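# Examining the three-dimensional arrangement
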Amino acid sequence: QVRLVESGGGLVQAGGSLTLSCAASGRTFSNYVLGWFRRAPGKEREFVAGISWSGETDYIGSVRDRFTISRDNARKMLKLQMNSLKPEDTAVYYCAAVYETRTRILRTESEYEYWGQGTQVTVSS
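In this report, the structure presented in the accompanying data block is examined. (Residues numbered from 1 in each chain as written. Predicted model: local features only at pLDDT ≥ 70, side-chain atom pairs only at ≥ 80, totals over all residues. Heavy atoms only, no water.)

### Focus on the pattern of salt bridges
- Following the criterion strictly, the structure yields 7 salt bridges and no others.
- Arg38 is the salt-bridge partner of Asp89, the closest N and O atoms lying 3.0 Å from each other. Here Asp89, found in the loop between strand S8 (77–82) and strand S9 (91–99), pairs with Arg38, found in strand S4 (residues 32–39); they are 51 residues apart in sequence, far enough to count as distant. Comparing Asp89 with Arg38, the two get one shared label, buried.
- Here Glu100 makes a salt bridge to Arg104, at a shortest N to O gap of 3.3 Å.
- Overall, Glu100 belongs to the buried group, its relative accessible area being 13%.
- Of the residues examined, Arg104 reaches a relative accessible area of 25% and is grouped as partly exposed.
- Through salt bridges with shared partners, a single ionic network connects Arg38, Glu46, Arg66 and Asp89. (Salt bridge = Lys/Arg side-chain N within 4 Å of Asp/Glu carboxyl O. Helix = DSSP H or I, 4+ residues; strand = E, 2+ residues; numbered from the N terminus. Buried < 20%, exposed > 50% of the residue type's maximum accessible area, 1.4 Å probe, protein only.)

What follows is the structure, encoded as structure tokens:
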């Protein structure tokens, strides 16, 4: 029903920037609640940033002043602009989506239905 494909990962030095993209297809994009999650080596997948279909956003505290989540409903794209990257940001990053009939932000992994395959972000010291 819905496909999500992440891109933009790579290797960067600490302090650098990287932009992740997620291309979506399937149900009406404007009604998706969207989010970014990440899984660091040896750790469980965690919430990073979320955005409602009306554009409200939220972030975990460790990235709030460095990352920016955005969506382009016309292009059916989700982006995560990551600045001032730190080695602890190293992880596989996943975009996630769920169809909703009201605008909201979802922060729990179990609340999302559709997931991308992940893109690796590695930040060197």
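### Section: the sheet that holds strand S7 (residues 67–72)
- In spatial order, the strands read S1-S3-S8-S7; together these 4 strands make up an open sheet with antiparallel pairing. Strands with a single pairing partner mark the edges of an open sheet, and in this sheet they are strand S1 (3–7) and S7. Put simply, the sheet's adjacent strands are angled 15° from each other on average, direction ignored.
- Where S7 meets S8, 6 bridges bridge the pair, whose relative direction is antiparallel. (Pairing = 2+ DSSP bridges. Axes fitted to C-alpha atoms, helices over the stretch in contact; angles between N-to-C directions.)

### As for the pairing of S9
- Most of S9 sits inside the fold, with 7 of its 9 residues counted as buried.
- The sheet contact formed by S4 and S9 spans 8 bridges and is antiparallel. Among the inter-strand pairings, Phe37 is bridged to a residue of S9, identified as Tyr94.
- The sheet contact formed by S9 and strand S11 (residues 119–124) spans 3 bridges and is antiparallel. Note on S11: the bridge partner recorded for Tyr93 is Thr119.
- Here S9 pairs with strand S10 (residues 114–115) via 2 bridges, running antiparallel. By the bridge assignment, Ala96 is partnered in S10 with Trp115.

### A short note on the side chain of Arg66
- Within the secondary structure layout, Arg66 lies in the loop between strand S6 (57–59) and S7.
- Among the polar contacts listed, one links the side chain of Arg66 to the backbone oxygen of Ser84, at a separation of 3.0 Å. (Polar contact = N/O pair within 3.5 Å; in protein donor to acceptor, adjacent residues only side chain to side chain.)

### A word on unusual backbone geometry
- Residues other than glycine seldom take positive phi values, yet Lys76 does so here, at roughly 55°.
- For Lys76, the position within the fold is in the loop between S7 and S8.
- The phi dihedral of Ser84 is positive, around 50°, even though this residue is not glycine.
- Relative to the assigned elements, Ser84 resides in the loop between S8 and S9.

### Focus on the nonpolar core
- Among the nonpolar cores identified, the biggest contains 38 residues, and Trp36, Phe67, Leu80, Met82 and Tyr93 are the most heavily contacted of them.
- Ranked by the residues each element gives to this core, the list is headed by S9, at 6 residues.
- Other than its neighbours up to four places away in sequence, Tyr93 contacts Glu6, Leu20, Trp36, Phe37, Arg38, Val48, Phe67, Leu80, Met82, Gly118, Thr119 and Val121. (Core = buried A, V, L, I, M, F, W, Y, C linked by side-chain atoms within 4.5 Å. Contact = heavy atoms within 4.5 Å.)

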